[in-house]
Amino acid sequence: MGVGPSTKETTLHHMRDPLVEIVQNDKDVDLVGIAVVGSPQDNLEKFYVAKRLGMLAEALGVDGVLIYAEGFGNQHVDFAAHIEELGKRGIPVVGLTFAGNGLVVENEYMEDIIDLDKAGQGMETEVVGQNCVVKADAVKSLKILKQKMKKKRG
Amino acid sequence: MFKISVKQAKSITMEMPEKLAQMALREKPQQSKSKAVTPLPKENVLRTLIWREFSVNNVQISNNTKIVDNTLYLDGALAQQALSINPLVKKVTIDVIKPGQHDVFTNTIMDIMPIATKVEGKMGEGITHCLRGVVVFLTGIDEAGRQIAEFGSSHGILKDKVAFGMPGTPKIDEIVLRIDVVIEKGAGMERRGPLAAHQVCDWILDHIRRELKKMPPQEAVFTQEFKDIRREGRPKVLIVKELGGQGAMHEKIIMPSEPGGVRGGKSIIDLGNVPVILTPNEVKDGGIHSMT
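Residues numbered from 1 in each chain as written. Chains lettered and ligands numbered in written order. Predicted model: local features only at pLDDT ≥ 70, side-chain atom pairs only at ≥ 80, totals over all residues. Heavy atoms only, no water.

### Let's talk about the confidence of the model for chain A
Applicable threshold: You can read pLDDT as the predictor saying how much it trusts each residue, on a scale of 0 to 100. The secondary structure listing takes helices from DSSP runs of H or I that are at least 4 residues long and strands from runs of E that are at least 2 residues long, numbered from the N terminus.
The predicted model of chain A has a mean per-residue pLDDT of 91, with 99% of residues at 70 or higher. The element-level mean pLDDT for chain A is lowest in strand β4 (residues 113–115) of chain A, coming to 90, with strand β1 (residues 30–39) of chain A highest at 96.

Structure (structure tokens):
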């Protein structure tokens, strides 16, 4: 399990990333930056990286996080760990990933996950670019995050 | 709580401790604040990136590299010369797939990238030139005929294997410059194999980039300024991108020297997979090169 053709983000995708574009141009939020984090093979390392991300978000004092995970399967172990580390610190999170037939692990903070399965087959379709983030996903995730941040502020 | 309601009265004198009056006054501005329209945020522009696109409507394999009259000529001899860049690469083929000719066989698509170059400044600021209407496909196979992919290869008929018009794929009417590589037997499963393929591709693109740098600004068909903006007082949002970092095909190059390039960048694996912060403009300017 890992990154397949339909879920991988090509270099072109990163340059035209709708998620970055939508959040950057939204005047209601202050985009502090884009944290890129790798997904290591070893489980212990996965939790090490997740902890570092949690500390980074805490240090930046962010009010909300949009997290995108490439691929599926064991990549979702990190994905869940990242969300847990952020959730524990009281930071609202919205996740975007190719869930297909469901995630391999879940936790209490993962109530808002947007599934990127465009083909609707619940599996890797091997068509390049098919199951990636598009504008609609980005708009939706930001909307949910805004609501969550508002709710937290009270 | 102190409440008073008067229907008809001529002269009323009210007395209360000063403390209460102060408290009543203090509450007032708070109430009006929540009702008032939220003011426009104070925007701090940290950096500016100028993005210029040059239109190309024809790509030809020729005997030298140049961009003339919206036509990109690419030196066909580069395919042979590129072999010296990395000995793991055994054969390179360059061809052009025009719109409407997508009914061709393709090896697994390793990456799709634009042709862009820095003209001024470093990645994420300054000026970038980009070619519009043409994208590069890097495809590959190993000597034993095995597709370079750990699992889920996208080899087959091009039109069935690419979802055109997505953010990460070209539009149906864009020209595809295909660079196909054959790498050493078995190297496709190791990090060095795909890396070699990407390096060779990057080296070939460098020749186009050199020409692209020379394009006069007035010939650009599209120019835009992208700004790294911080909005004071607005809720702070962080975007996290979890990228593969597990070895061959699960790797990204962070911050190469040319937009979407390989040279000069560091692998996310070598960085220990720990979070690294990029600015929105750095991402937009090709700060992440996909090795999947």
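Following the structure, the description resumes.
### Here we look at the environment of A:K146
Let me state the cut-off plainly: Should any heavy atoms of two residues lie within 4.5 Å, those residues are counted as being in contact.
With respect to the helices, strands and loops of the structure, A:K146 is situated in helix α5 (residues 135–153). In contact with A:K146, other than residues within four places in its own chain, are A:D26, A:D28 and A:V29.

### Regarding the layout of surface pockets
Counted only if it meets this: The rule is simple: put a 1 Å grid over the protein atoms alone, call a set of points where a 1.4 Å probe fits but cannot get out a cavity, call an open set with protein on both sides within 12 Å along at least five of seven lines a pocket, and count a residue as lining if it has an atom within 4 Å of a point. Grid points are joined across faces, edges and corners, and a volume is the space filled by probe spheres set on the points. Classification convention: Asp, Glu, Lys, Arg as charged; Ala, Val, Leu, Ile, Met, Phe, Trp, Tyr, Cys, Pro as nonpolar; all other residues, Gly among them, as polar.
The calculated volume of the largest pocket comes to roughly 880 Å³. Looking at the largest pocket, it is lined by 33 residues, and the ones nearest its centre are A:M15, A:R16, A:E21, B:E53 and B:F226. No other element matches strand β11 (residues 222–232) of chain B, which puts seven residues into the lining of the largest pocket. Here the residues of the lining of the largest pocket sort into 14 nonpolar, six polar and 13 charged.

### Let's talk about the pattern of salt bridges
This is how the line gets drawn: Within this document, salt bridges are pairs made up of a side-chain nitrogen of Lys or Arg and a carboxyl oxygen of Asp or Glu, the two lying within 4 Å of each other. Relative accessibility decides the category of a residue: with a 1.4 Å probe and only protein chains considered, values under 20% of the type maximum give buried, values over 50% give exposed, and everything between is partly exposed.
For the coordinates displayed, the defined rule picks out 31 salt bridges over all chains. Across the salt bridge formed by B:K241 and A:E9, the nearest N and O atoms sit 3.0 Å from each other. Here B:K241 is found in strand β12 (residues 236–244), whereas its partner A:E9 is found in the segment before α1 (11–15) on a different chain. What makes B:K241 buried here is its relative accessible area of 1%. The partner of B:D206 in a salt bridge is B:R209, and the shortest N-O contact between them spans 2.8 Å. With a gap of three residues between them, B:D206 and B:R209 both fall in helix α4 (residues 192–213), about one helical turn apart.

### Focus: a nonpolar patch on the surface
Residue and element names in this part refer to chain B. Basically, it comes down to this: Excluding any residue in a salt bridge, patches collect residues exceeding 30% relative accessible area, merging like charges within 9 Å and nonpolar Val, Leu, Ile, Met, Phe, Trp and Tyr side chains within 5 Å. Here the accessible surface of atoms and residues is derived via Shrake-Rupley with a 1.4 Å probe, and residues count as covered only by protein chains that are part of the display.
On the surface, a cluster of nonpolar side chains totalling about 630 Å² of accessible area is made up of I4, V6, I12, M14, M16, L20 and M23. Mapped onto the secondary structure, V6 falls in the segment before α1 (18–35). On the accessibility criterion, V6 (49% relative accessible area) is partly exposed.

### Re the confidence of the model for chain B
For chain B, per-residue confidence averages 90 on the pLDDT scale, and residues scoring 70 or more make up 93% of the total. Scoring the predicted complex yields pTM 0.88 and, for the interface, ipTM 0.96.

### Observations regarding the sheet that holds β4(A)
Applicable threshold: At least two bridges found by DSSP between two strands are what make those strands a pair. Convention adopted: a line fitted to C-alpha atoms gives each axis, helices being fitted over their contacting stretch, and angles between N-to-C directions are expressed from 0 to 180 degrees.
Spatially, β4(A)-β3(A)-β2(A)-β12(B)-β1(A)-β15(B) is the arrangement adopted by the six strands of the open sheet, whose pairing is mixed. Every interior strand has two partners, whereas the edge strands, β4 of chain A together with β15 (276–278) of chain B, have only one. For this sheet the average axis-to-axis angle between neighbouring strands, irrespective of direction, equals 20°. Of the strand pairs in this sheet, β1(A) and β12(B) are connected by nine bridges, and their pairing is parallel. Bridging from a neighbouring strand, A:V37 pairs with B:E242 of β12(B). Against the sheet, helix α3 (residues 43–60) of chain A contacts β1 and β2 (64–69) of chain A together with β12 and β15 of chain B, and its axis sits at roughly 170° relative to β1(A). Docked against the sheet, α5(A) engages β2, β3 (93–97) and β4 of chain A together with β12 of chain B, running at close to 160° with respect to β3(A).

### Considerations on the sheet that holds strand β14 (residues 266–267) of chain B
All names here are of chain B. The antiparallel open sheet is built from three strands, whose spatial order is β14-β13-β16. With one partner strand each, in any of the chains shown, β14 and β16 (288–290) form the two edges of the open sheet. Here two bridges tie strand β13 (residues 252–254) to β14, and the two strands are oriented antiparallel to one another. Bridge pairing links I253 to S267 in β14.

### What to know about the environment of A:D42
What counts is decided by this rule: Polar contact is the term for a pair of N or O atoms within 3.5 Å; when the atoms are in protein, one must be able to donate a hydrogen and the other to accept it, and sequence-neighboring residues count only if both atoms are side-chain atoms.
On the secondary structure map, A:D42 appears in the loop between β1 and α3. Looking at A:D42, its side chain comes within polar contact range of the main-chain nitrogen of A:L44, at 3.3 Å.

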